[in-house]
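Each chain, written out:
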Amino acid sequence: MSEQEKVVVGKLGASYGIRGWLKVFSYTENAENIFSYTPWFIKVRGEWQEFSLEDWKRHGQGYVGKLKGLDQREDAQALTNAEIAINAEVLPSLSDEEFYWRELYGMEVVTTKGYNLGKVTDILETGSNDVLVIQANPKDAFGQKERLIPFLDEQVIKLIDRSAQRIEVDWDPGF
């Protein structure tokens with residue numbers, strides 16, 4: 001198997017029925033999109049293994065899926081709680097103004113006045129707007145360890161530069 005970048009898009013749940021079906025929990029924005037990405041890679045004993053999806057269907061409020069080669073409940077049970085990943089290259093291409101959240105992790109965050117706030121370590125989904133979690137530099141002049149900056153395009157987020165791995169924000173470093 002090639003060592004292409006993997007993106008976790010969901011998780012397998014408990015086995016369903018006796019023919020090797022499993023509950024599927026999708027992390028994709030539109031939950032059914034998980035079934036359009038192929039192949040799937042499932043982490044088995046710490047290693048990514050490639051699987052093909054044989055079939056899937058809605059079940060109650062969620063989904064169940066059948067992986068090729070898993071025909072017994074016992075085989076499916078061994079994959080309960082395993083992550084589902086795909087190769088990053090199968091994700092749709094985006095325009096220069098669009099990006100995936102995963103691209104922001106590790107980017108330097110700098111104010112419009114040039115103050116380095118730190119690096120993006122997480123993104124919180126709050127419902128009203130997403131929030132960047134910034135790990136401050138150890139020598140931060142304001143004594144901050146972490147900053148939470150709302151992801152408000154144009155209002156707070158002024159520029160995202162992929163090539164420089166840098167996000168420019170209109171933000172008071174003391175806040």
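Residues numbered from 1 in each chain as written. Predicted model: local features only at pLDDT ≥ 70, side-chain atom pairs only at ≥ 80, totals over all residues. Heavy atoms only, no water.

Colleague: Is there a simple way to think about the domain arrangement of the protein chain in this case?
Modeller: You'll often see interface size given as the accessible area lost when the parts meet. You can read the domains of the protein chain as domain 1 (6–90) and domain 2 (96–169). If you average the C-alpha positions of domain 1 and of domain 2, the two centres end up 32 Å apart. (Domains from an automatic or database assignment.)

Colleague: Which parts of the structure should I look at to understand the confidence of the model for the protein chain?
Modeller: Caution is warranted with low-pLDDT regions, since their predicted coordinates should not be read in detail. Considering every residue of the protein chain, the mean pLDDT works out to 92; 98% of them sit at 70 or more. Ranking the elements of the protein chain by mean pLDDT puts helix α1 (residues 73–77) last with 90 and strand β13 (residues 166–169) first with 98. (pLDDT = per-residue confidence, 0-100. Helix = DSSP H or I, 4+ residues; strand = E, 2+ residues; numbered from the N terminus.)

Colleague: Help me understand the UniProt feature "domain: RimM N-terminal" (unreviewed entry) in the protein chain, please; the structure alone is not making it clear to me.
Modeller: In the numbering adopted here, UniProt assigns the feature "domain: RimM N-terminal" (unreviewed entry) to residues 8–88. Regarding residues 8–88, the helix share stands at 6% and the strand share at 53%, and the terminal C-alpha atoms are separated by 9 Å. (UniProt positions renumbered as here; feature names shortened; annotations may be inferred.)

Colleague: It is not clear to me how a nonpolar patch on the surface should be interpreted in this structure. Could you clarify?
Modeller: On the surface, a cluster of nonpolar side chains totalling about 290 Å² of accessible area is made up of V8, F25 and Y27. Mapped onto the fold, Y27 is located in the loop between β2 (21–26) and β3 (40–44). (Patch = residues over 30% accessible without salt bridge, like charges linked within 9 Å, V, L, I, M, F, W, Y side chains within 5 Å. Areas by Shrake-Rupley, 256 points an atom, 1.4 Å probe, with all protein chains shown as cover. Salt bridge = Lys/Arg side-chain N within 4 Å of Asp/Glu carboxyl O.)

Colleague: How should I be thinking about the side chain of N87 in this particular structure?
Modeller: The residue N87 is located in strand β7 (residues 83–87) in this model. The class for N87 is buried, based on a relative accessible area of 8%. Within the local environment of N87, its side chain forms a polar contact with the side chain of K6, the two groups lying 2.7 Å apart. Beyond its immediate stretch of four places on either side in the chain, N87 contacts Q4, E5, K6 and F41. (Buried < 20%, exposed > 50% of the residue type's maximum accessible area, 1.4 Å probe, protein only. Polar contact = N/O pair within 3.5 Å; in protein donor to acceptor, adjacent residues only side chain to side chain. Contact = heavy atoms within 4.5 Å.)

Colleague: It is not clear to me how unusual backbone geometry should be interpreted in this structure. Could you clarify?
Modeller: Glycine aside, the phi torsion of most residues is negative, and most peptide linkages are trans. Residue T38 is joined to P39 through a cis peptide bond whose omega torsion reads -10 degrees. In this fold, P39 is placed in the loop between β2 and β3. A positive phi is found at N81, a non-glycine position, where the angle reads about 70 degrees. Relative to the assigned elements, N81 resides in the loop between α1 and β7. Notably, Q165 is not glycine yet its phi reads approximately 55 degrees, a positive angle. Judged by relative accessible area, which is 37%, Q165 ranks as partly exposed.

Colleague: Honestly, the nonpolar core in this entry has me stumped. Any pointers?
Modeller: Side chains of a nonpolar character, in soluble globular proteins, are inclined to be buried together. Core analysis: the largest hydrophobic core is formed by 23 residues, its most contacted members being L12, V24, W40, I42, L67, L79 and I84. Those residues in contact with W40, other than ones at most four positions away along the chain, are L12, V24, I34, F35, Q49, E50, F51, L53, L67, I84, A85 and I86. Core analysis: the second largest hydrophobic core is formed by 15 residues, M107, L132, I149 and W171 among them. (Core = buried A, V, L, I, M, F, W, Y, C linked by side-chain atoms within 4.5 Å.)

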